[in-house]
Amino acid sequence: MRLVLLLISSLFADVFDGYTLYTSEPNFTTYLIDNDLNVVNEWYADCQVASMAYLQPDSTLIYPCKQDNPIMESTAASGGRIIHYDWDGTILWDWQCDWEYQLHHDIQPTIGGTILAIAKEDIDGFMPDVILEIEPDGMYEANLVWIWKVSDHMGELDNPHTFYENADYHLNDWNHFNAVSLNQFGEILLSSRNWCEIYVIAWDWGDGDILYRWGNPENYGRGDDSDRMLEAQHGVNEIPIGYPGEENIILFNNNSRVGEGSDTSEVIEFRPPDDYYIEDGEAWGPTEPVWTFRDNFYAPKQSGAFRLPNGNTFVTVAGGDMFEVTYDKEIVWEHTGSSNTFRAQKYGLDYLTLLGDVNHDGVVNILDIVLVVGYVLDMSYIIEGDINEDGVLNI
């Protein structure tokens, strides 16, 4: 057993071999760098990023940023514009929202090609948040294919599955959702800065009520301020299956209280109860995190944390600092961006799809051509064989 633990510790001490993606000054440039800080690629934008850019397996980039004419003024981390670039920086899609919703903060691309986006609506001055599923259409248009609204899921204080309708938060920024992500079970994870809670809801199934929430049980009448676990947190996501800590939830807890001095931020990892079970009259568990990390870093806004395949955790402290820390709490890699580096992410070396490499052996050769011919004859499609990216397999 001692030997096994030593081997695991040694494995986790290594820096994860991958590419880091972050946006920095000047000119809202998004960089993809390797562990030695060499620039692998870069994309230039003409607008302030709202949260962070997302690299896609096909080597394209999806970039959420501030639109020219906001639908609602004075929105925190205002968005409203989403740009899709190819590897060379050519714009494939450039959409600015002209609907009745103001996008802000984060987005989440889906494997089906749509984009989940945080936004807010205006109901006679009451502005709760919504989640939009956006389908790109042509060069400049988009279709709204699904919507989830906080305003459809409000109720009494003693219902943990709804938002308390009389909660005393800012009417013009009631929820302040700041992160949206998907897990591998068709569920959406959300983070609310104002409510100091994270939520799990269903993506286009079920009744839309809250499946699970954690961080501040006072919001549903199951505790008081002393039971609060989170404070102005960001960057919530579920650790993917196959990674150390799989199906746990990880986030960046900013620990920022309005009107009080700066505290020390932290990364928190916790395990939701099986099937999101909750006892009648009790708060949702757990009562303690699985893992935390503090090291005298602090950010009052944005930021994030992601578990990596080797067990390390990649952390962004909004304002520029990025680092990779082992499960034993040793920082093994660091880099500094700039004041508009709000959140970054690290991808494995095998994340990008090599077009033409149909058999995934790392090279493109006659064997791949033979396989493509087979797919063509079977009238099947595989993205690796679509070298010109026209949506059609041919020779």
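Residues numbered from 1 in each chain as written. Predicted model: local features only at pLDDT ≥ 70, side-chain atom pairs only at ≥ 80, totals over all residues. Heavy atoms only, no water.

Asker: If you had to explain the environment of D204 to someone new, which residues and values would you point to?
Answerer: Counting through the fold element by element, D204 comes out in the loop between β16 (197–202) and β17 (212–214). As a C-alpha pair, D204 and W148 span 56 residues in sequence and 8.3 Å in three-dimensional space. Within polar-contact distance, the side chain of D204 engages the side chain of W146 at 3.2 Å. (Helix = DSSP H or I, 4+ residues; strand = E, 2+ residues; numbered from the N terminus. Polar contact = N/O pair within 3.5 Å; in protein donor to acceptor, adjacent residues only side chain to side chain.)

Asker: Describe the sheet that holds strand β4 (residues 54–55), naming the residues involved and giving the relevant values.
Answerer: Pairing is antiparallel in the open sheet, where 4 strands are placed in the order β4-β5-β6-β7. Because the sheet does not close on itself, it has two edges, and the strands there are β4 and β7 (91–96). Bridge count between strand β5 (residues 61–66) and strand β6 (residues 80–85): 6 bridges; the pairing is antiparallel. Within β6, the residue paired with Y63 across the bridge is I83. (Pairing = 2+ DSSP bridges.)

Asker: An account of the side chain of Q102 is needed here, citing residue identities and associated values.
Answerer: One can find Q102 in strand β8 (residues 102–109). The class for Q102 is buried, based on a relative accessible area of 0%. Side-chain polar atoms of Q102 contact the backbone nitrogen of I71, separated by 2.7 Å. One polar contact links the side chain of Q102 to the main-chain amide nitrogen of M72, over a distance of 3.0 Å. If near-sequence neighbours (up to four positions away) are discounted, Q102 is found in contact with Q67, P70, I71, M72, T75, S78, G79, G80, I118, A119 and K120. (Buried < 20%, exposed > 50% of the residue type's maximum accessible area, 1.4 Å probe, protein only. Contact = heavy atoms within 4.5 Å.)

Asker: Go over a nonpolar patch on the surface with me, naming the residues and quoting the values.
Answerer: A contiguous nonpolar patch, built from I366, L367, I369, V370, V373, V376, L377 and I395 and spanning about 780 Å² of accessible area, is present on the exposed surface. Looking at the element boundaries, V376 is found in helix α2 (residues 366–377). (Patch = residues over 30% accessible without salt bridge, like charges linked within 9 Å, V, L, I, M, F, W, Y side chains within 5 Å. Areas by Shrake-Rupley, 256 points an atom, 1.4 Å probe, with all protein chains shown as cover. Salt bridge = Lys/Arg side-chain N within 4 Å of Asp/Glu carboxyl O.)

Asker: Let's hear about the pattern of salt bridges: which residues, and what values?
Answerer: Within this structure, the stated rule accounts for 10 salt bridges. With a closest N to O distance of 2.8 Å, R81 and D94 form a salt bridge. Remark: D94 occurs in strand β7 and R81 occurs in strand β6; sequence separation between them is 13 residues. When sorted by exposure, R81 lands in the same class as D94, which is buried. Note that E269 and R307 form a salt bridge whose closest N and O atoms lie 2.7 Å from each other. On the criterion of sequence distance, the pair formed by E269 in strand β20 (residues 266–270) and R307 in strand β22 (residues 304–307) is long-range, its members being 38 residues apart. Exposure remark for E269: the relative accessible area of 1% places this residue in the buried category. Shared partners join several salt bridges into a network, and the residues in it are D46, R81 and D94.

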